[in-house]
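# Notes for the structure review
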Amino acid sequence: MSPATKPTPAAKTRPTTQRATKAAKPKKRKRARPDPVVAWSRRMARYRPGLVDFTLDELAERYGRPVWERRLDPTSELILTILTQNTADTNAEVAFERLRAAYPSGLPVEVHRPGEGWGGRGLADGAPPDWVRVEMAPIEELMDVIRPAGIATQKAPRIQASLRKIREERGDHSLEFLGEMTAREARDWLTGINGVAKKTASVVLLFCFGLPLVPIDRHVERVLKRVGLLPAKAIDDLSHEIALALIEPDRSYEAHVNLIRHGRLVCHARNPAHELCPLRDRCRFVNPKAP
Ligand code: SF4
């Protein structure tokens, strides 16, 4: 027998059927990781039933049920929201007014409604800026115009990139088409713009079209985490998805506005006024075993 055909010692001693059985042995299956949104929603339903309604009902009792009303056209809302990033709403308003003055469009005047939950003084009524001129402006000039909103070196390129993306995809700067989409489709479209995160996209879609999204800003996040409706360590994306799963679509606007109010007026980052809070009986921040 040539060396090429000589059987190995193992093959010589092990019967063929035994080898086949060993080869067919099924591999151990890895357990699929549960969807964290589904897992959290189930946990809430099982261990803290009724907590969402309790929270929203108590806040509505305290602050009323705000009624949705459009406050700006969606392109203006997007740019104003970019301007509010990491600064006070009042500073963003000053910067937006300066955009209107520096790049006037001659379009019809918009009546600006500050909207409940908005922390600024409110824009004066006026036409939106000429977005073509804003997009094409020399970057140094645009930075100077929006300087009151802070971090102009980041915001000016972000604003121009956003306007460019909208124009390249749609042929002009209008975002009115988003109102024809579902909430998630519209949010996906907006977050496809570099630098537009879920929070910014949700603000635009909720305030301009009343689409059922819950923007998680710092006040909303703080109250929801303290009460225990969001996991303490949830990061932005997960928080948005859990809030969408827990809050009924027809209460999204009310939830967003009242949670912001509560965060500003009572549940402060430092020294929250527990004694004034209608949520304290079920708040895990004051009682880790609250129902
Ligand atoms: S009880 Fe205190 S920590 Fe809890 S939601 Fe109210 S103010 Fe915030």
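Residues numbered from 1 in each chain as written. Predicted model: local features only at pLDDT ≥ 70, side-chain atom pairs only at ≥ 80, totals over all residues.

Turning next to the overall build of the chain. A count of helices and strands for the chain gives 14 helices and zero strands. The secondary structure elements of the chain, listed N-terminal to C-terminal, are α-α-α-α-α-α-α-α-α-α-α-α-α-α. Counting only residues that meet the buried cut, the chain has 36% of its 291 residues in that class. Taking the contacts inside the chain whose residues are at least 6 apart along the sequence as the reference set, 68% of them involve residues at least 24 apart. (Helix = DSSP H or I, 4+ residues; strand = E, 2+ residues; numbered from the N terminus. Buried ≥ 20, exposed ≤ 12 C-beta atoms within 10 Å, placed from the backbone. Contact = placed C-beta atoms within 7 Å.)

What follows is about the nonpolar core. If you look at the biggest cluster of nonpolar residues, it comprises 68 residues, and the most contacted ones within it are Leu-83, Val-134, Ile-146, Val-204, Leu-205, Leu-224 and Ala-243. Split by domain, the residues of this core number at least three in each of domain 1 (48-66 + 214-282) and domain 2 (74-209). Residue contacts for Ala-243: discarding those within four places in its chain leaves Val-214, Ile-216 and Leu-224. (Core = buried A, V, L, I, M, F, W, Y, C linked by C-beta atoms within 7 Å. Domains from an automatic or database assignment.)

Attention now moves to the environment of Arg-264. Position of Arg-264 relative to the elements: it lies in helix α14 (residues 252-265). The class of Arg-264 is exposed, set by 12 C-beta atoms lying within 10 Å. When the C-alpha positions of Arg-264 and Val-220 are compared, they lie 9.5 Å apart, and in sequence the two are 44 residues distant.

Our next topic: the site of the ligand. In the region of the ligand, 14 residues are neighbours, and Cys-267, Cys-277, Arg-280, Cys-283 and Phe-285 sit closest. Each residue belonging to the shell around the ligand can be placed in one class, and the counts come to 11 nonpolar, one polar and two charged. (Near = placed C-beta within 6 Å. Nonpolar A, V, L, I, M, F, W, Y, C, P; charged D, E, K, R; others polar.)

Right, let's talk about unusual backbone geometry for a bit. Not every positive phi belongs to a glycine, and Ile-151 is a case in point at roughly 30°. Assignment of secondary structure puts Ile-151 in the loop between α8 (139-145) and α9 (152-170). Using a count of 14 C-beta atoms within 10 Å as the deciding quantity, one classes Ile-151 as partly exposed. Located in the positive-phi region is Asn-271, a residue other than glycine, with phi close to 50°. Residue class for Asn-271 comes out exposed when judged on the 6 C-beta atoms lying within 10 Å of it.

This paragraph deals with helix α12 (residues 218-227). Judged by how many residues are buried, α12 sits mostly within the fold: seven of 10 residues are covered. Of all the positions in α12, only His-219, Val-220, Arg-222, Val-223, Leu-224, Arg-226 and Val-227 are classed as buried. Phi for Gly-228, located one or two positions after α12, is positive at around 110°.

When pLDDT is averaged across the chain, the result is 89; 88% of the residues are at 70 or more. Considering only residues more than four positions removed or in separate chains, one finds that residues 1-18, a stretch of pLDDT under 50, has three contacts. (pLDDT = per-residue confidence, 0-100.)

Moving on, we come to the packing of helix α11 (residues 198-209) against helix α13 (residues 236-246). One way to put it is that α11 packs onto α13 with a least axis distance of 10 Å and a crossing angle of 35°. Seen from α11, the contacting residues are Lys-198, Lys-199 and Ser-202; seen from α13, they are Asp-236, Asp-237 and His-240. Of the residues that constitute the contact of α11 with α13, the class distribution is no nonpolar, two polar and four charged. (Axes fitted to C-alpha atoms, helices over the stretch in contact; angles between N-to-C directions.)

What follows concerns the packing of α12 against α14. Two elements in contact, α12 and α14, have axes separated by 8 Å at closest approach and are oriented at 85°. The angle between α12 and α14 places the two elements in the roughly perpendicular class. Here His-219, Val-220, Arg-222, Val-223 and Leu-224 of α12 lie close against α14, whose contacting residues are His-256, Leu-259, Ile-260, His-262, Gly-263 and Arg-264. When its residues are assigned to classes, the contact of α12 with α14 shows five nonpolar, four polar and two charged. (Parallel < 35°, antiparallel > 145°, perpendicular 65-115°, else oblique.)

Let's shift gears to helix α10 (residues 183-191). One turn of the α-helix equals 3.6 residues, which is why residues spaced by three or four share an orientation. Within α10, the full set of buried residues consists of Ala-183, Ala-186, Arg-187 and Leu-190. Mapping the buried residues of α10 onto a view down its axis gives an arc of 100°, with all of them on the same face. Residues of α10 that are buried sit in contact with α11. (Arc of directions from axis to C-beta.)

The next point concerns the environment of Val-227. Residue placement: Val-227 occurs in helix α12. When the C-alpha atoms of Val-227 and Cys-283 are compared, they prove to be 4.2 Å apart, with 56 residues separating the residues in sequence. Ignoring sequence-local partners within four residues, the contact set of Val-227 consists of Thr-55, Leu-279, Arg-282, Cys-283 and Arg-284.

Moving on, we get to the environment of Ser-252. As for its placement among the helices and strands, Ser-252 is situated in helix α14. Ser-252 gets classed as buried once you count the C-beta atoms within 10 Å, which come to 22. Excluding residues within four positions of it along the chain, Ser-252 makes contact with Leu-206, Pro-212, Leu-213, Val-214 and Ile-247.

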